[in-house]
Amino acid sequence: MTSNAGAPHGSAGTRSRHESVAVVWDDAFLTYNFGPTHPLSPLRMRLTMDLMEQMGLLDLDGVQRITPKPADDELISTVHDPHYIEAVREASLGGPGSPPHGLGLDDNPCFRGMHEAAAWVVGGTVAAAQSVWQGHHDHAVMLGGGLHHAMPDRAEGFCIYNDLAAAITWLLDNGAQRVAYIDVDVHHGDGVERMFWNDPRVLTISLHESGATLFPGTGWPDDIGGPDALGTAVNCALPAETGDHGWRRALHAVVPELLRSFAPDVVVSQHGCDGHRSDPLGHMEMTVEGQTALAADIHRWIHEFTINRWVATGGGGYSIADAVPRAWTSVAAEVLSVAVDPRTPLPTSWRDKVAQITGDPAPATLGDGAVEAADSLGINGAEGVGELASSHVLDPVGMAIQATRDAVFPHHGLATRQT
Ligand SMILES: [Zn+2]
Ligand SMILES: [Zn+2]
């Protein structure tokens, strides 16, 4: 932990270390395990929580650890078909799976206890939403969550139950009028989008690698929601190899105007870190600094345009020992309003453990050494942000941004051209 831990972070909005933040965790999340050769290893969660703990983030004033309960069938069935839940239960008891429900395919192999493991994740993200909505905490972090591909009637892309959709539905059922969902995972947030496709109360915004080069092949700018909810599904399909600057440009060009106009009661964000340059599945060029900057931007806008209720989850991320623990520790620090210098050396005991498990040298610092780039992006201050917000050059990233604005902004009464 750096010497400025616990100090107010920056000057943005009303955010401060005086906010209370729930960190939702239970070791039961580690039972969500498709086996030793599957990319979604529970080790990424173990190493992240260990790193956060060893850096002292869980011991700060105002930070409370919450242990959730697994979701019961009633809660899961708010977003999933009962026949699908039954199929997951059968697979969970050792059954062969059900390909029509996506169970037993390469991406979603069956394992004993998969129903319970997925129910824990739903319980965790719903607990995070409850804690924020009921006023116990300002923000909540649920790094075990973010299974954004799960569909109402089938598993998709490593995701059995859609914890995000369950949390959003719980919020709507308990008085929230409008919920905004922001997804910066490298993959399109297709499951969450599908579940609220025709619901004007939920604004889903997904920035992702274009479906032309990456699973699930969807998430095009003209996919804008159903007839009762036009403009409430928002997709920005970025070209492969987009780095920190391009991602941040897209976020700035799409999110703040929509958040201001939609004025959500609560924001749920998904911080899959598979846009990192070392991720084996995505083809993007982001750094830990860039991913943290996206979270910092979202944090600032939540204070600027909403009433400060924020649920932040994890998501994808398959660079298990290198990128995931560092990216999510850094993102969590942002939610906690703690400034942690990206040059901070990582604890020796944590690095030794990583080296022992992986056989490779562990990363030495929290960030990737992109500090100068971070400065030019305004990550360490306000400079650069204005340039980003008004960036409208029609290079491939600029064209992706413009297509999204053209498709969606008129439905919100917003100008499509950036000023
Ligand atoms: Zn805050
Ligand atoms: Zn992903």
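It should be noted that the structure appears before, not after, this text.
Source: prediction; values computed, not measured.

Reading the values: rules and limits
Residues numbered from 1 in each chain as written. Chains lettered and ligands numbered in written order. Predicted model: local features only at pLDDT ≥ 70, side-chain atom pairs only at ≥ 80, totals over all residues. Helix = DSSP H or I, 4+ residues; strand = E, 2+ residues; numbered from the N terminus. Rg over C-alpha atoms; globule rule 2.2 N^0.38 Å. Buried ≥ 20, exposed ≤ 12 C-beta atoms within 10 Å, placed from the backbone. Contact = placed C-beta atoms within 7 Å. Axes fitted to C-alpha atoms, helices over the stretch in contact; angles between N-to-C directions. Parallel < 35°, antiparallel > 145°, perpendicular 65-115°, else oblique. Left-handed = near helix turned anticlockwise from the far one by under 90°. Core = buried A, V, L, I, M, F, W, Y, C linked by C-beta atoms within 7 Å. Arc of directions from axis to C-beta.

Colleague: Please explain the overall build of the protein chain as it appears in this structure.
Modeller: A count of helical and extended segments in the protein chain gives 13 helices and 8 strands. Taken over C-alpha atoms, the radius of gyration comes to 20 Å for the protein chain, in line with the 22 Å a tight globule of 419 residues would show. Principal-axis analysis of the C-alpha atoms places the extent of the protein chain at approximately 55 × 55 × 40 Å. Among the 419 residues that make up the protein chain, the fraction classed as buried is 54%.

Colleague: Is there a simple way to explain the environment of H411 in this structure?
Modeller: Residue position: H411 is located in the segment after α13 (396-408). H411 sits in the partly exposed class, given 15 other C-beta atoms within 10 Å. Not counting the four nearest positions on each side in its chain, H411 is found in contact with I224, L230 and G231.

Colleague: Looking at this model, I keep getting lost on the packing of helix α1 (residues 43-54) against helix α10 (residues 348-358). Mind explaining?
Modeller: Two numbers describe a pair of packed helices, the interaxial angle and the distance between the axes. Viewed as axis vectors pointing N to C, α1 and α10 meet at an angle of 165 degrees, and their least axial separation amounts to 10 Å. Classified by the angle their axes make, α1 and α10 are roughly antiparallel. Between α1 and α10 lies a crossing whose hand is right-handed. Together, L47, D50, L51 and Q54 of α1 and S349, W350 and V354 of α10 make up the contact between the two elements.

Colleague: For this particular structure, what's the right way to read the nonpolar core?
Modeller: Burial of nonpolar side chains together is a common tendency in soluble globular proteins. A167, Y181, A250 and V311 are the most contacted members of the largest nonpolar core, which has 127 residues in total. Sort the elements by how many residues they give to this core and helix α4 (residues 114-133) lands first, with 13 residues. Ignoring anything within four residues of it in the chain, the contact list for A167 reads T125, V126, A128, A129, V268 and V311.

Colleague: When you look at helix α3 (residues 82-92) in this model, what are you seeing that I'm missing?
Modeller: Since the α-helix advances by 3.6 residues per turn, residues separated by three or four positions end up pointing in the same direction. All buried positions along α3 are accounted for by Y84, I85, A87, V88, A91 and S92. The buried residues of α3 occupy an angular sector of 160 degrees when projected down its axis, which confines them to one face. Facing away from the buried surface of α3 by more than 90 degrees, the exposed residues are P82 and H83. Summarising the contacts, the buried residues of α3 are in contact with α2 (73-76) and α4. Positioned one or two residues after α3, G94 has a phi angle of 110 degrees, which is positive.

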